Amino acid sequence: MNKTQTAPGNVVPSSMAQVVITMKYTFLDYFRSRRFFILLIITLIISAILTILVGYYRPQYFLGDPTASANTRELTFYSRWWGNSVTFVIILGGIFFGGDAISGEFQNKTGYFGVPNPIRRSSIYIGKWLSAFIAATIIFVIFATITVGNGLYYFGANVPIQFGQSLLYAWFYLAAVMGVTFFFSSLFKSSSMSILVTAILFLFVFSLIETLVATLVNVEPWFILTYGAGIIGNILDPSGYPKHINPIPVGRGGLTITTYNAFVPEGLAIIGLYFIITAILGLMLFERKEFT
Amino acid sequence: MFTDLIRPSSGQALINGVNVHTNKKRALASVGSLIETPEIYSSLTAREGLMMIAEIRGVPRAERNKRIEEAVSEVRMEEWIDKRIGKFSKGMKQRICIASALLSQPDILLLDEPSNGLDPRGMSEVRDIIKSLKNKKRLIFMSSHILSEVSEVCDEVAMIDHGKLIVYDTIPNVTAKFMGGGNVVEVGLQHPIDAGFVAKSIAHLPGVVAAERKDERNIRITFKGDLESQARILSELVSMNIGVVSYKPATSELEDAYLKLIKETV
């Protein structure tokens, strides 16, 4: 029994219907407040720079060695273009749409308008999460389309299967990034704080910890989300999927540093766990947080 | 607490017997609320913001536009219904928030510090709207630290000190009980007045319970009786040739009662 009858003639919708209502108006807000278009423009600028640079200079770094096989050249292209940039686009999507999604409700006092209604906080959280995820997915699809468009121009209709896999992993990674941004958004009451912490974490802290842990302590950084997300680029490696453990000799003293690459199932597990844990923790925080 | 914004440290918040925290959707289905000064997404128009609430509250689709227009008309914002909320003043936003509380035609209205943070004009507008809502058979539950506002708008008052209910009664009963069983008027004078004259002459007028000089040009008279007594005291004061320039019921009556009550409970 999900619906609640009230006078006069009002029937409070089911929680699922209220999720859809929240999504609809959050989405409208994204468009009206221009944040969707700003991220779209940033994505188009990144794509335009890549298109112009590759089109004008035709660098081997992107188009591969002309003597190599067609498949190797295609993989080189998608690895360099997509593998190097998509995670950045995903992180921007998380920050733009998720960074202040919950903290803004406290800081801007919009929560005082929506929460004191017959709607569960979980419906608000899930509605906002889904609208942020869909908005970021649209940007993601546009970036993927431009990538494929360029790929078709240089290599014809031979899109490697690995690109499809990478696309899917990247979309899962987007879900995990959105989970983390919503978690921090629920943790803080200040929008700028939640956005800043998320940005610093994804752009610096995760990669720093990953490098330090792997090279200095020789421990596999399986607990870092960006390590798991390495599968997005690794699957496109033209020389085959990289080794799991890769010791690299440094200097003449026999010193080696070790780099690690997550296996695909391992990477998916890391991404999945981050998504599940942060989504649950974020929701629990929002459920308990007081509007004071 | 009654709207799920904060949680009780102990006990429960029940509305019509339904626990707000365990069954929020049912508990708040027939409750409209305005908690302090909420913000609405500034990129939406007033109509869109209200439509969101109408949909969440399950107002029948066919009636939504009509209800929104009625609620907006009730808060006198018809001309602004399709304008973006980002362009509104605080008072205008507050009126739209009152409209959102009225949309589902609730039996109960919860208003928490509804004029908080507004300029004098905004405060007055909000108070007028609340007074007009009183005539529409709704239970209005308002909390405020501005006791003059409470005496102007409310019929009954509950006073809480350190989380404990210390009194709940009609405003006349509360003021009568704690102000020595009388009404209070404040008298403004053209010339300074002697404290001895106030104590000897004014305090002994028929019906006067007490008279005190607040400062050299203002006195405060507590009296028993109705409007007729109040008029008689005024004419006595005028006949004393003390230069009465103003004569009005004390607005701080409830505040004085509250302060006395707090002193008694300390």
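Next up on the list: the overall build of chain A. Across its full length, chain A carries 12 helices and four strands. For chain A, buried positions account for 46% of its 292 residues. Contacts in chain A between residues at least 24 apart in sequence constitute 76% of all its contacts with a sequence separation of at least 6.

Let us look at the overall build of chain B. Summing up its helical and strand segments, chain B has 10 helices and 11 strands in all. The globule rule puts the C-alpha radius of gyration for 266 residues at 18 Å, and the 23 Å found for chain B is more than 25% above it. By its C-alpha atoms, chain B is 70 × 45 × 30 Å across when sized along the principal axes. Within the span of chain B, comprising 266 residues, buried residues form 35% of the whole. In chain B, once contacts between residues fewer than 6 apart in sequence are set aside, the share between residues at least 24 apart is 64%.

Another aspect to go through is the pairing of strand β7 (residues 164-170) of chain B. Residue and element names in this part refer to chain B. Within β7, only zero of the seven residues are buried, which leaves it mostly out in the open. By the bridge criterion, six bridges tie strand β6 (residues 156-161) to β7 in an arrangement that is antiparallel. Along β7, the bridge assignment pairs aspartate 161 with lysine 164. Turn length for the β6-β7 hairpin, with the two strands adjacent in sequence and antiparallel, is two residues, and the turn residue histidine 162 shows positive phi of about 50°.

A few words now on helix α8 (residues 161-187) of chain A. With 27 residues, α8(A) should cover 39 Å at 1.5 Å per step; its first-to-last C-alpha distance of 40 Å lies within 8% of that length. Extensive coverage of α8(A) is indicated by the burial of 20 of its 27 residues.

On to the domain arrangement of chain B. All names here are of chain B. Partitioning chain B into structural domains gives domain 1 (14-154) and domain 2 (173-265). Domain 1 and domain 2 are separated by 38 Å when their C-alpha centres are compared. With four residues of domain 1 at the contact, the number on the domain 2 side is six residues. The residue inventory of the side of domain 1 that touches domain 2, partitioned by class, reads two nonpolar, two polar and no charged.

Mapped onto the elements, B:Lys66 comes out in helix α3 (residues 64-74). Since 11 C-beta atoms lie within 10 Å of it, B:Lys66 is described here as exposed.

Take the sheet that holds strand β8 (residues 183-189) of chain B next. Hydrogen bonds between backbone atoms are what pair the strands of a sheet, whose relative direction is either parallel or antiparallel. All names here are of chain B. Pairing in this open sheet of four strands is antiparallel, and the strands run β9-β10-β8-β11 from one edge to the other. Every interior strand has two partners, whereas the edge strands, β9 (208-215) and β11 (244-249), have only one. Averaged over all neighbouring strand pairs, the angle between strand axes comes to 20°, with direction disregarded. In terms of strand pairing, β8 meets strand β10 (residues 218-223) through six bridges, oriented antiparallel. Across the sheet, residue valine 187 finds its bridge partner in β10, namely isoleucine 219. Sheet strands in contact with helix α9 (residues 227-239) are β8, β9, β10 and β11, and its direction is about 140° off that of β10.

Glancing now at the sheet that holds strand β5 (residues 139-143) of chain B. Residue and element names in this part refer to chain B. What the three strands build is an open sheet, ordered β3-β4-β5; its pairing is parallel. Across the chains shown, the open sheet's two edge strands, defined by having one partner strand only, are β3 (31-35) and β5. The mean inter-strand angle of the sheet, taken between neighbouring strand axes irrespective of direction, is 10°. Two elements, β3 and strand β4 (residues 108-112), share five bridges in a ladder whose sense is parallel. Within β4, the position partnered with isoleucine 35 by the bridge is aspartate 112. Against the sheet, helix α5 (residues 120-134) contacts β4 and β5, and its axis sits at roughly 150° relative to β5.

Bringing the interface of chain B and chain A into the picture now. If you look at the interface, chain B gives 33 residues, while chain A gives 30 residues. Mapped by element, the contributors of at least two residues to the side of chain B that touches chain A are α1 (24-27), β3, α2 (46-56) and α4 (90-102) of chain B. The element contributing the most residues to the side of chain B that touches chain A is α2(B), with five residues. When the residues that make up the side of chain B that touches chain A are grouped by side-chain class, the tally is 15 nonpolar, eight polar and 10 charged.

Rules used throughout
- Residues numbered from 1 in each chain as written.
- Chains lettered and ligands numbered in written order.
- Predicted model: local features only at pLDDT ≥ 70, side-chain atom pairs only at ≥ 80, totals over all residues.
- Helix = DSSP H or I, 4+ residues; strand = E, 2+ residues; numbered from the N terminus.
- Buried ≥ 20, exposed ≤ 12 C-beta atoms within 10 Å, placed from the backbone.
- Contact = placed C-beta atoms within 7 Å.
- Rg over C-alpha atoms; globule rule 2.2 N^0.38 Å.
- Pairing = 2+ DSSP bridges.
- Expected span 1.5 Å × (residues − 1).
- Domains from an automatic or database assignment.
- Nonpolar A, V, L, I, M, F, W, Y, C, P; charged D, E, K, R; others polar.
- Axes fitted to C-alpha atoms, helices over the stretch in contact; angles between N-to-C directions.

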